[in-house]
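# Working through the structure, step by step
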Amino acid sequence: DAKTTQPPSMDCAEGRAANLPCNHSTISGNEYVYWYRQIHSQGPQYIIHGLKNNETNEMASLIITEDRKSSTLILPHATLRDTAVYYCIVRSAGGTSYGKLTFGQGTILTVHP
Amino acid sequence: NAGVTQTPKFQVLKTGQSMTLQCAQDMNHNSMYWYRQDPGMGLRLIYYSASEGTTDKGEVPNGYNVSRLNKREFSLRLESAAPSQTSVYFCASSPRTGGTDEQYFGPGTRLTVT
């Protein structure tokens, strides 16, 4: 699975959009980009995933660049409850990496009042 | 939907004691997983079950056994607990459809072995 690079921390004002970047320059054609978050002391929470096209769900939007070497997770209206560690994970669908979510250091997002 | 539930939430064991961590999901997912998370560390996969009736070792299986009791339930057993197994244990499930496997996690069991 491709390695990812995320900034260690980011701040955001409540009500504003939070844009969390992720670099994955070695991504290969069959690898998906997944985003999870972990709020303190809770289990990780799946947010969104995508392959090539931009994706949106009730939680967030995922923007993947045309060359797929980077992506941005967008929380459109951040709230205090969005304060968490956000993980960008790149992995192939199935195969030998099945089930092996590798959580790196992630980005600590702090949403301020 | 309760999603993924885990029991107990907290447990303290003495070295050498045994216990079983229970996990259940009500999302009709095919696959289930057990992870551990040590303080300040990422998650490490212990065992997983791709489908009912199958189980496979993950990254750190030593000292653990699992049972996929049915499609809903996946238990993790520590036969002889050791202080190195002090950790937070998370169970997860995934629908495993279309080749992708987004995982949904339970709230965790915080285990201390003294």
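For the structure, check the block above.
Calculation rules
- Residues numbered from 1 in each chain as written.
- Chains lettered and ligands numbered in written order.
- Predicted model: local features only at pLDDT ≥ 70, side-chain atom pairs only at ≥ 80, totals over all residues.
- Heavy atoms only, no water.
- Helix = DSSP H or I, 4+ residues; strand = E, 2+ residues; numbered from the N terminus.
- Rg over C-alpha atoms; globule rule 2.2 N^0.38 Å.
- Buried < 20%, exposed > 50% of the residue type's maximum accessible area, 1.4 Å probe, protein only.
- Contact = heavy atoms within 4.5 Å.
- Areas by Shrake-Rupley, 256 points an atom, 1.4 Å probe, with all protein chains shown as cover.
- Lys, Arg positive; Asp, Glu negative; His and termini not counted.
- Charge placed at Lys NZ, Arg CZ, Asp CG, Glu CD.
- Salt bridge = Lys/Arg side-chain N within 4 Å of Asp/Glu carboxyl O.

Moving on to the overall build of chain B. Counting its secondary structure elements, chain B contains zero helices and 11 strands. Going residue by residue from the N terminus, the α and β elements of chain B occur as β-β-β-β-β-β-β-β-β-β-β. On C-alpha atoms alone, chain B measures out to a radius of gyration of 13 Å, which is about the 13 Å that the 2.2 N^0.38 rule sets for 114 residues. Taking the principal axes of its C-alpha atoms as reference, chain B extends roughly 45 × 25 × 25 Å. Evaluated residue by residue, chain B yields a buried proportion of 47% over its 114 residues. Sequence separation of at least 24 residues holds for 55% of the intrachain contacts in chain B that already meet a minimum separation of 6. Carbon together with sulfur atoms contributes 49% to the accessible area of chain B, which is approximately 5,100 Å² in total. Computing the positive centroid from 11 side-chain charges and the negative centroid from 9, chain B places the two 6 Å apart.

In this section: the pattern of salt bridges. All names here are of chain B. Within this structure, the stated rule accounts for four salt bridges over all chains. Asp 38 is the partner of Arg 36 in a salt bridge, and the nearest nitrogen-oxygen pair spans 2.9 Å. Comparing Arg 36 with Asp 38, the two get one shared label, buried. A salt bridge links Arg 77 to Glu 79; the nearest nitrogen and oxygen atoms lie 3.2 Å apart. The class for Arg 77 is partly exposed, based on a relative accessible area of 30%. What you see here is one network of salt bridges that share partners, running through Arg 36, Asp 38 and Arg 44.

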